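# Structural features, examined
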Amino acid sequence: MNWLIQFLRRLSMLFRRAQFDRDLDEEMRLHIELREKEFREKEHSETGFPPEEAHMAAKRNFGNSLALREVSHDSWGWSWFEHLSQDVRFAFRMFAKNPGFTAIAVLTLALGIGANTAIFSFVYGVLLAPLPYRDASRLVVLNETTPKVGNVSVSYPNFLDWRTASKAFSQMAAVQQMGFNLAGASVSQPENIVGGAVSPNFLSMMGIRPLLGRDFDPSEEKAGTAPVVLLSYPLWQSHFGGDRGAIGRTITLDERSFTIVGVLPPDFRWLDKMDVMLPIGVWATNNPDATDRGARGDNTTIARLAPGVTFAQARAEMNAIAAELAKEYPRQNGGGGVAQQSIRDAYVSNTRQALLVLFGAVVFVLLIACANVANLFLVRGAARTKEIALRIAFGASRSRIIWQMLTESLVLASLGGILGLALAIGGIHGMTRLLPTDTFAGAAVSLNAPVLLFVALVVVFAAFVFGLAPAMHATKQDIQSELKEGGRTSTAGAWQNRLRAVLAVGEISLALILLAGAGLMMKSLYNLMNVNPGFRTHHVLSMEIDLNPQRYAKDPAILNFWQQVLDHVRALPGVEGAALGTVVPLTGNHSRTDITIEGMPLPKPGDWPHPDFHEISPGYLRTLGIPLLRGREFTDADNEHSSLVGLVNEKLARQFWPNQDPVGKRFMFGHPDLSGKNPPKWITVVGVVADTKLYGLQNPSRLEVYDPLRQDASSDMNLLVKSNVDPAAMISAIRSAVASVDKDQAIFAISTMDQLRSDSVATQRLTLVVLGAFSALALILAAIGIYGVISYSVAQRTHEIGIRIALGAQRGDVLRMVLKQGVQIALIGVALGFAVSIGLTRLMSSLLFSVGADDPATFASAAILLALVALFACYIPARRALRVDPMIALRYE
Amino acid sequence: MHRDEIPPGTLYLMILKTLARRRELHGYEIAKTIQQNSEDVLQVEEGSLYPALQRMLVKGWVKASWGTTTENRRARFYRLTPLGRKQLEIEQSQFERVVNAITRVIQTA
């Protein structure tokens with residue numbers, strides 16, 4: 001309490017400083033006057049003073065009133081503040097006197113700080129911001145692994161066994177993703193929404209409480225439980241206007257009524273989109289997947305580590321459980337294992353590497369910017385030596401002057417920081433637009449408080465980095481010689497030139513690192529874009545239709561719907577072709593299953609061929625432009641009444657029928673029933689198609705088989721439309737064509753194939769664009785840096801150059817003399833940068849595609865480009881040296 | 001006449017004690033009172049009174065207000081606060097402890 005009153009007392013003094021000083025002056029004056037009077041009155045006695053002496057004696061008795069005033073002033077504890085505000089005012093006066101210097105320095109810093117801010121707001125939002133779960137570091141996402149494809153979803157029976165057997169996890173929950181059609185009075189147009197069917201303990205395990213209503217009850221885990229949902233906050237807002245009365249009402253999903261029992265909090269985040277949440281018992285109702293150990297659908301399993309259990313202990317336990325289950329169920333679990341990752345890693349997945357590379361790059365940009373500004377300060381410091389020497393002579397302490405100069409740096413860096421924030425807002429906006437919308441799964445990337453704190457730290461850091469050396473240097477000079485000479489031949493000059501050259505070398509080596517990184521990304525992206533995906537993306541539109549199982553329960557109804565949609569869409573003007581397929585490449589969706597090749601020796605569990613399979617309509621290959629290599633494609637005659645046919649891709653044909661004609665060979669889905677009860681359903685291969693890049697351009701093609709939709713009906717299909725006009729212009733016509741078949745049917749995931757292809761390389765492209773921008777910035781700054789050094793040295797040596805020319809030096813000699821220093825700086829910088837970047841680019845190798853992290857061509861190009869730019873930057877001042885008129889240069893002496 | 005410097009740290013004590021005896025005093029009066037009460041042996045280095053008074057203001061031991069002297073001059077008068085009175089007791093007992101200790105050391109030596 002007392003300290004607070006004291007502080008308030010100090011504060012009130014701060015605001016009445018002028019009054020304070022006047023009071024103190026008056027008080028001291030009175031004291032001296034009274035003392036003087038006393039001395040004078042003693043004049044008549046034996047100890048008295050004559051009047052003039054009395055005044056002096058009184059003053060002497062009092063002491064140094066100026067110093068005492070200062071000490072009194074200091075006792076209120078505000079001297080630091082007064083010095084600071086004085087220094088800040090002084091800094092602004094200095095800047096106003098040198099607008100050019102100030103503008104360049106502030107702009108340079110703004111670019112450096114702005115770039116840092118933009119990147120850090122991504123790093124913070126994605127990698128650092130706390131996840132909205134209780135004790136999120138103890139949450140683990142679990143997957144099964146299979147020998148053929150790596151991580152897969154956990155089948156529900158396996159999940160149940162894991163949960164029972166595991167002691168390392170205090171809780172475990174499953175989240176099954178379900179799609180629903182939402183149609184009816186509450187929506188203007190039928191839409192597809194995503195539901196998460198969760199184990200009833202999910203929310204409490206995550207530490208989330210519904211905003212309104214209730215959490216699920218343990219009894220709701222059983223199949224056959226009443227259909228209830230929790231609404232996500234956005235859905236509650238958009239469809240119910242945030243009405244609290246929504247609780248207890250119903251929402252119609254796939255023509256079933258679900259009772260709304262609650263609303264999720266606004267900050268709820270999940271790995272996948274989740275518009276509604278429902279108890280897993282609803283998902284399990286009449287669902288064969290709920291009891292099929294081999295069915296690995298859209299399940300995410302999440303668990304909380306028990307107190308005191310480490311990640312590694314849990315992994316060991318889970319591996320043992322998985323091994324046990326593999327022994328027990330070799331057909332479904334053979335060769336399988338468990339993968340676990342922290343929930344943070346599950347969110348971040350592959351963006352961490354790119355973000356860290358960019359963050360590293362942006363720190364380099366800041367260092368280059370600081371080096372440049374330090375260089376500017378050194379040049380200006382040279383012009384200010386006389387002023388500083390004068391102030392030292394008048395008694396200013398060295399530390400006081402260093403602080404004053406650091407204050408100048410701080411003010412400059414703050415101005416740069418403010419401008420940088422404005423640039424960062426633009427940068428964040430631009431970068432977000434380069435990424436597919438759901439890249440960061442709901443991470444908030446913005447200029448929030450932690451980002452602003454980071455900017456403040458960067459400003460202080462930058463101010464010290466570029467301000468300290470010039471400030472130390474400026475106060476180091478010999479006052480005497482400075483005052484006498486005017487500083488032209490100061491001994492500190494050599495030291496300063498060396499420092500400036502070192503800064504330029506540093507800038508060039510950092511620039512080379514950035515250039516090499518950007519070059520590697522450019523080459524990598526070029527390689528990626530030139531990968532043949534196995535299909536054409538031009539003018540093809542893709543969209544998903546997931547039929548409502550209530551309305552379309554039987555195959556004939558489903559097939560009839562699809563046929564009508566195809567007929568209607570194909571009749572639209574501008575449509576060249578339309579087809580249906582279960583899996584669109586590059587979307588991340590996939591269906592895989594084991595197959596048996598006729599005549600092959602039966603493999604061990606886990607070793608079965610495990611291709612991707614597609615159910616497709618006739619015309620699919622033509623619409624997507626997938627080349628048919630042999631045989632024929634499907635026709636309308638390949639239907640539910642004809643014999644089973646299939647297509648295989650080249651890779652599968654090569655692997656299982658090498659040097660044979662695959663057409664006419666047979667395979668079947670799944671494993672043969674050895675009991676002989678179910679005769680094998682052999683599928684005859686009628687054609688071979690080219691491999692496609694289903695899983696992204698950078699990933700190898702896998703085995704693929706295709707079978708006709710009419711022989712294997714599916715209620716969830718992608719409609720692909722090839723048009724001879726801009727595909728985006730077709731969307732509304734296609735919508736109405738589908739609506740004319742069923743007005744309640746939702747269409748979603750609408751995208752052009754070009755967009756999907758471009759999105760699939762979005763991370764690499766963003767990395768390239770940002771790295772490219774940084775390295776261009778670095779190149780310019782480094783060029784300015786070396787230009788500054790050389791042109792300053794030319795200015796300093798004008799006299800010497802004049803003498804040389806007067807003595808008959810040739811143009812070439814002068815040019816060589818000036819360029820020599822520049823070449824030295826450039827070469828040392830390039831060599832240093834080369835050595836460092838070879839080590840650093842290895843850190844980005846996971847971002848690169850078919851180019852080595854030490855690609856010699858890229859490094860050589862970066863080095864040559866940088867060297868040429870540096871030389872050009874030196875050439876400009878060198879030409880100025882050639883124009884030196886010896887008469888003028890000598891007259892200045 | 002020989003005058004002694006006041007021992008360091010005792011300036012506060014003397015100012016507090018001086019103000020405790022009188023209702024309020026201005027700076028010159030404080031200096032003069034200390035000098036007279038010490039029968040001219042102790043002399044405050046006069047100016048140093050003022051930084052000390054400022055520090056005491058910050059700490060809330062004294063309060064200051066402007067008034068006029070008997071000779072009708074404007075002057076700043078200082079008076080003790082309750083906190084200052086408490087501080088006087090602390091400083092005084094502390095001082096006595098130190099002096100007693102030193103005296104004992106000197107006498108036994």
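Residues numbered from 1 in each chain as written. Chains lettered and ligands numbered in written order. Predicted model: local features only at pLDDT ≥ 70, side-chain atom pairs only at ≥ 80, totals over all residues. Heavy atoms only, no water.

Turning our eyes to something else, we now look at the overall build of chain B. The number of helices and strands found in chain B is four helices and five strands. N-terminal to C-terminal, the α/β element order of chain B is β-α-β-α-β-α-β-β-α. Long-range pairs, those at least 24 residues apart, make up 54% of the contacts in chain B between residues at least 6 apart in sequence. Accessible surface, chain B: about 6300 Å² in total, of which carbon and sulfur atoms supply 53%. (Helix = DSSP H or I, 4+ residues; strand = E, 2+ residues; numbered from the N terminus. Contact = heavy atoms within 4.5 Å. Areas by Shrake-Rupley, 256 points an atom, 1.4 Å probe, with all protein chains shown as cover.)

Opposite the 25 residues of chain A that make contact, chain B presents 27 residues. Approximately 2400 Å² of surface area, both sides summed, lies buried where chain A meets chain B, with 52% of it carried by carbon and sulfur atoms. Looking at the side of chain A facing chain B, the largest losses of area belong to E27, L30 and H31 of chain A, adding up to 24% of the total buried there. For the pair chain A and chain B, the number of links is six salt bridges. Between E27 of chain A and R76 of chain B there is a salt bridge, with its nearest N and O atoms 3.1 Å apart. Our count for the contact surface shared by chain A and chain B stands at twelve residue pairs in polar contact (both at pLDDT 80 or more). Looking at the side of chain A that touches chain B, the elements that each hand over two or more residues are α1 (2-15), α2 (17-41), α3 (51-62) and α4 (65-74) of chain A. No other element matches the 13 residues that α2 of chain A contributes to the side of chain A that touches chain B. (Buried area = accessible area lost by both parts, 1.4 Å probe. Salt bridge = Lys/Arg side-chain N within 4 Å of Asp/Glu carboxyl O. Polar contact = N/O pair within 3.5 Å; in protein donor to acceptor, adjacent residues only side chain to side chain.)

Within the span of helix α2 (residues 27-37) of chain B, buried status applies to G27, Y28, I30, A31, T33, I34 and Q35 of chain B. Looking one or two residues beyond α2 of chain B, the residue adopting positive phi is E39 of chain B, at roughly 55°. (Buried < 20%, exposed > 50% of the residue type's maximum accessible area, 1.4 Å probe, protein only.)

Among the structural elements, R380 of chain A can be located in helix α14 (residues 351-393). Discounting chain neighbours no more than four positions away, the residues touching R380 of chain A are M94, N98, F101 and E408 of chain A.

Residues and elements named next belong to chain A. Most of strand β3 (residues 169-182) is tucked away: ten of the 14 residues are buried. Bridge count between β3 and strand β10 (residues 299-305): seven bridges; the pairing is antiparallel. Within β10, the position partnered with A173 by the bridge is I302. As defined by bridge partners, β3 adjoins strand β4 (residues 191-198) across eight bridges and the pair is classed as antiparallel. Directly across from Q176, in β4, lies its bridge partner A197. (Pairing = 2+ DSSP bridges.)

Before going further, it helps to examine the packing of helix α24 (residues 762-796) of chain A against helix α26 (residues 811-840) of chain A. Residues and elements named next belong to chain A. It is the contact of α24 with α26, at a shortest axis distance of 10 Å, that shows an interaxial angle of 155°. With respect to α26, the axis of α24 lies roughly antiparallel. Read as a crossing pair, α24 and α26 show a hand that is right-handed. Note on element contacts: α26 touches α24 through V818, Q821, G822, I825 and A826, opposite I786, V789, I790, S793 and V794. Looking at the contact of α24 with α26, its residues break down into seven nonpolar, three polar and no charged. (Axes fitted to C-alpha atoms, helices over the stretch in contact; angles between N-to-C directions. Parallel < 35°, antiparallel > 145°, perpendicular 65-115°, else oblique. Left-handed = near helix turned anticlockwise from the far one by under 90°. Nonpolar A, V, L, I, M, F, W, Y, C, P; charged D, E, K, R; others polar.)

For the rest of this paragraph, the subject is the nonpolar core. Looking at soluble globular proteins, one finds that nonpolar side chains tend to be buried together. By size, the foremost hydrophobic cluster in this structure holds 111 residues, and its most contacted members are L412, F466, I508, L771 and I786 of chain A. If sequence neighbours within four positions are ignored, I786 of chain A has contacts with A504, I508, G822, I825, A826, A870, A873 and C874 of chain A. (Core = buried A, V, L, I, M, F, W, Y, C linked by side-chain atoms within 4.5 Å.)

Now for the packing of α2 of chain B against helix α3 (residues 49-59) of chain B. Residues and elements named next belong to chain B. Where α2 contacts α3, the axes come no closer than 11 Å and their chain directions differ by 110°. As the angle between them shows, α2 and α3 are arranged roughly perpendicular. Crossing hand, α2 versus α3: right-handed. Within the contact between the two elements, α2 uses G27, Y28, I30 and A31 and α3 uses L49, Y50 and L53. By residue class, the composition of the contact of α2 with α3 is six nonpolar, one polar and no charged.

Residue and element names in this part refer to chain A. Where nonpolar side chains cluster on the molecular surface, the patch consists of W403, L410, V460, F464, L468 and M472 and spans about 510 Å² of accessible area. For the nonpolar patch, the elements supplying multiple residues, two or more each, are α15 (398-433) and α16 (449-474). A per-element tally of the nonpolar patch places α16 first, with four residues. Structurally, L468 can be placed in helix α16. Looking at L468, the relative accessible area reads 33%, which means it is partly exposed. (Patch = residues over 30% accessible without salt bridge, like charges linked within 9 Å, V, L, I, M, F, W, Y side chains within 5 Å.)

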